[in-house]
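Overview (structure and organization)
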Amino acid sequence: MPNTDWAAWGGTVGLRLNISNLHSIGITIKSKPGALAAGSARLTDGLNVPQAAGIDLFGLRESGSIQFQAARGSFAGFLGGSLQARGGYELALEDGSVIPLVDFRLRPNAGNPMWLDVVSGDGKAWFYIDKLMYELVRENHVLAIYTADMRISPELAERVGHPEMSTETVADLEILTEVTRQGGGGQADPRGTATHYHGEQVVGQAPGVVYQTDLFMQDISVGRVNASNNTGPGGNGRVVFAPNSTLRNNVNAGSAAQSVSGGTSTTSGTSSALWTAWVPWHSKFSGTFPPYNNDQHPFLIWNLYRINADASIEQIGRSGVKHAFLTLNNGCAPGENFDSHILGRSCSDVYSTGNNNSNGAMGFRSEIIPATNQWGRCHSLYDPGCVGSNTNSNPSDDGFVRRMVVNESQISNTVNPGATYLFDSWYLARQDINIYNSMATIEGTPTYSAGNWTFAGQGNFKLGSVTDRWVDNPPAGTVVQNSELAVSEGHTKVAVRVTNLGNNQWRYHYAVHDLDFSRAVTTGSEPNLEVVRNKGFDAFSVPLPAGASVIANRFSDGDLTAANDWSFSPAGGQLAWTAPAGTSLDWGSLYLFSVTLNVPPGPGAGELKVAEPGTPATFSVPILVPTSDVIFQGGFESP
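Everything numeric here is computed off the predicted structure, so don't read it as measured data.

A word on the sheet that holds strand 36 (residues 567-569)
- The sheet built from 5 strands is open, its strands ordered 36-37-34-39-40 with antiparallel pairing. The open sheet is flanked by strand 36 and strand 40 (618-626), the only strands paired with a single partner. Along the sheet, successive strands turn relative to each other by an average axial angle of 20 degrees, direction set aside.
- Pairing of strand 39 (residues 601-610) with strand 40, which is carried by 9 bridges, proceeds in the antiparallel orientation. Counted as the bridge partner of Pro 603 is Leu 624 from strand 40.

Set out below in structure tokens:
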């Protein structure tokens, strides 16, 4: 049982303010007294751990203390007391009043021991802190909270007249405080001599029975993290959304049990891997570690999709790549919580909205080989000179680059009447046996109120790919098919919805979703691998029978740039879409190919051409295609 008698004081607190979200509720920074100089000492200096960049740093007083408990070698919740900053902010409100956030206190929240209230000089908790990423370091002498989200309290949202912004993030925090009293629970689970990485033999089992990696997405919520020039449904400003994504490792230890809820007909929430592998979770450039002799860690991406009134689907927003760096190992099975850089059996972890908007952890999809989950760190954003270290820890950042950005017109209910929206988030882990378990979607509605866009009405979490959800439960008059291309270079879904419009017309909506396929071109080897290119596909086609007429066609790559749209041709007995030179449909992206014809659907195959030379040059994927030689009743094939 954990001993509750731990205490800490002093150290530093760093805040990276989300100025956009503060301005959106009418708050500006009037002054910032007491901020420490850049490069001031921190309690984690000299350690191979993350340090927040681009922050306002303040000292924490060595008076009083904050009490907390520990369990299994990790922080386990606050108990009482507080930490007080030296300095802070004067926040000016639109009505002329001021929130005195100078010498603010961090006080345990009465309703949740994993939260802190940010108490201002007027004694009010106008903000609160959640989603802490923490670790006890320096032999348990320092409680390090590497990141945490500071959010707008409902009371503040009401005070400033923006209830729609309640709980949205306004800062990312780092709290480093010195432990002055250690209690019980400071020892991590003992680690045995045998390791449990993917592919390793399970001791005591028949030869060939091995541990396998299978991560699960467990929960998703979405927050707004930036905006520019927003005027509402008729506007053309930009909005940035990011997720709070919770995952869980497989729970199995010899027999199958459900790991998470939210399963579907294609992804149940129960792993086929009966023996759970450990998942390495090392910070980038932190060293070389088993089992891959590198700094292996998972990657996270997220996307926004619009399902239009005509049932077509468009991917209207794509993030960069979030590099994971630490696992909280919550809820681990006995003996599995021994290292905050290894995700053990049944352990869960969460990366929060603010954390997923961190400039120092966001990279480019072009640097990743997604099917093998290898990062080409050589000549990457963070190691442009290929010297094997992070020489660009705080890249140039305007708050939009490498983020999931959408234009107001793409989420406007007046521009897109009748549309619905899906948001997905997925973790990529090396040698994961089922990528569909680590991705999931939720529903929500982009909503504009009092000058701000939010993703409202979030819910209905489901595991699996967005195309699985898109073709589910089609209405009368619509037939669907969703086929998978699964090869060593990765996975792609080709899905179609065909609707009988009457008057001898059928509308075909094809969605090609490159999940993790790429034909990578690389140089060097891990840990200093360079990914030169990782292209996907540059052409898609389906056969067109003789006598068929094209009534309408449409292409969407989800952006608003016409110059990179694919060209369309109905010549030569096929419907063909071809990418402009130098462009391609790459991993993590979904493109829409729509056409209306005077012929009904039947069994056939589509063809995907790989953008990079190699063998094979094309892949054939079974899918419903236009046909003229099938017997139909009511416009669709009869049995």
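Picking up after the structure, the text goes on.
Brief notes about the side chain of Thr 276
- Along the polypeptide, Thr 276 turns up in the loop between strand 15 (238-249) and strand 16 (279-280).
- Assessed through its relative accessible area of 3%, Thr 276 is described here as buried.
- A distance of 3.2 Å separates the side chain of Thr 276 from the side chain of Asn 250, its partner in a polar contact.
- Engagement of the side chain of Thr 276 in a polar contact is seen with the backbone oxygen of Asn 252, the distance being 2.7 Å.
- Residues in contact with Thr 276, not counting those within four places in the same chain, are His 196, Tyr 211, Gln 212, Asn 249, Asn 250, Val 251, Asn 252 and Arg 345.

So, the environment of Asn 528
- If you trace the backbone, Asn 528 turns up in the loop between strand 32 (519-523) and strand 33 (530-535).
- Once residues within four sequence positions are removed from consideration, Asn 528 is found in contact with Arg 377, Cys 378 and Gly 388.
- A distance of 3.0 Å separates a polar atom in the side chain of Asn 528 from a polar atom in the side chain of Arg 377.

Some details on the environment of Leu 43
- With respect to the helices, strands and loops of the structure, Leu 43 is situated in the loop between strand 2 (28-31) and strand 3 (56-60).
- The exposure class assigned to Leu 43 is partly exposed, which follows from its relative accessible area of 26%.
- For the pair Leu 43 and Ser 352, spaced 309 residues apart in sequence, the C-alpha to C-alpha distance is 23 Å.
- In contact with Leu 43, not counting residues within four places along its chain, are Gly 11, Arg 138, Val 142, Leu 176, Thr 177 and Glu 178.

So, unusual backbone geometry
- Cis geometry is found at the peptide bond from Pro 290 to Pro 291, where omega equals 0 degrees.
- For Pro 291, the location among the structural elements is in the loop between strand 16 and strand 17 (299-307).
- Omega for the peptide link from Glu 526 to Pro 527 comes to 10 degrees, which places this bond in the cis form.
- Looking at the element boundaries, Pro 527 is found in the loop between strand 32 and strand 33.
- For Ala 311, which is not a glycine, the phi torsion comes out positive at approximately 80 degrees.
- Tracing the backbone through its elements, the reader meets Ala 311 in the loop between strand 17 and strand 18 (313-318).
- Phi angles above zero are rare outside glycine, and Asn 373 is one such case at about 55 degrees.
- Within the secondary structure, Asn 373 is located in the loop between strand 23 (368-369) and strand 24 (374-375).

Some thoughts on the state of the cysteines
- A complete count under the given rule lists 2 disulfides for this structure.
- Across the disulfide, Cys 332 is cross-linked to Cys 347 (sulfur-sulfur distance 2.0 Å). What sets the handedness of the Cys 332 and Cys 347 disulfide is the S-S torsion sign, and at about 125 degrees it is right-handed. Placement of the pair is Cys 332 in the loop between strand 19 (321-323) and strand 20 (342-343) and Cys 347 in the loop between strand 20 and strand 21 (348-351), with a sequence separation of 15 residues. Each of the two residues, Cys 332 as well as Cys 347, counts as buried.

Details of the sheet that holds strand 31 (residues 505-514)
- Spatial ordering of the open sheet is given by 29-30-31-38-35, a layout of 5 strands whose pairing is antiparallel. Edge positions in the sheet fall to strand 29 (478-487) and strand 35 (550-556), since each of these pairs with one other strand and no more. With direction set aside, neighbouring strand axes in the sheet form an average angle of 15 degrees.
- Across 10 bridges, strand 29 lies against strand 30 (residues 490-502) in antiparallel orientation. Considered in strand 30, the bridge of Val 479 is made with Val 498.

Some details on the nonpolar core
- Of all hydrophobic cores here, the largest spans 94 residues; its most connected members are Val 13 and Phe 423.
- In terms of nonpolar packing, the next biggest core, distinct from the first, is built from 32 residues, Val 542, Trp 577, Phe 593 and Val 599 among them.

Some remarks on the packing of aromatic side chains
- Evaluation of the coordinates by the stated rule reveals 27 aromatic pairs.
- Aromatic pair Phe 75 and Tyr 134: ring centres 5.0 Å apart, planes at 70 degrees, arrangement edge-to-face. Taken together, the residues Phe 75 in strand 5 (residues 74-81) and Tyr 134 in strand 11 (residues 125-137) connect sequence positions 59 residues apart.
- Of the residues examined, Phe 75 reaches a relative accessible area of 3% and is grouped as buried.
- What links up through ring pairs into an aromatic cluster is the set Tyr 508, Tyr 510, Phe 540, Phe 555, Trp 566, Phe 568, Trp 577, Tyr 591 and Phe 593.

Thoughts on the pattern of salt bridges
- Enumeration according to the criterion identifies 18 salt bridges in this entry.
- Residues Asp 295 and Arg 377 are paired through a salt bridge, measuring 2.8 Å at the closest nitrogen-oxygen approach. Residue Asp 295 is located in the loop between strand 16 and strand 17, and its partner Arg 377 is located in the loop between strand 24 and strand 25 (404-407); the two are separated by 82 residues in the primary sequence. The two residues Asp 295 and Arg 377 agree in class, both being buried.
- As a salt-bridge pair, Glu 489 and Arg 519 come within 2.8 Å of each other at their nearest N and O atoms. Placement of Glu 489 in the loop between strand 29 and strand 30 and of Arg 519 in strand 32 is noted, with a sequence separation of 30 residues between them.

A few points about the environment of Asp 117
- Tracing the backbone shows Asp 117 in strand 10 (residues 116-119).
- Relative accessible area serves as the criterion here: at 11%, Asp 117 is assigned to the buried category.
- Look past the residues within four positions of Asp 117 in its chain and what remains in contact with it is Arg 105, Leu 106, Arg 107, Pro 108, Asn 109, Ala 110, Ala 125, Phe 127 and Tyr 128.
- Engagement of the side chain of Asp 117 in a polar contact is seen with the side chain of Asn 109, the distance being 2.9 Å.

What counts and what doesn't
Residues numbered from 1 in each chain as written. Predicted model: local features only at pLDDT ≥ 70, side-chain atom pairs only at ≥ 80, totals over all residues. Heavy atoms only, no water. Pairing = 2+ DSSP bridges. Helix = DSSP H or I, 4+ residues; strand = E, 2+ residues; numbered from the N terminus. Axes fitted to C-alpha atoms, helices over the stretch in contact; angles between N-to-C directions. Buried < 20%, exposed > 50% of the residue type's maximum accessible area, 1.4 Å probe, protein only. Polar contact = N/O pair within 3.5 Å; in protein donor to acceptor, adjacent residues only side chain to side chain. Contact = heavy atoms within 4.5 Å. Disulfide = S-S within 2.5 Å. Core = buried A, V, L, I, M, F, W, Y, C linked by side-chain atoms within 4.5 Å. Phe/Tyr/Trp six-rings, centres within 6.5 Å; stacked < 30°, edge-to-face > 60°. Salt bridge = Lys/Arg side-chain N within 4 Å of Asp/Glu carboxyl O.

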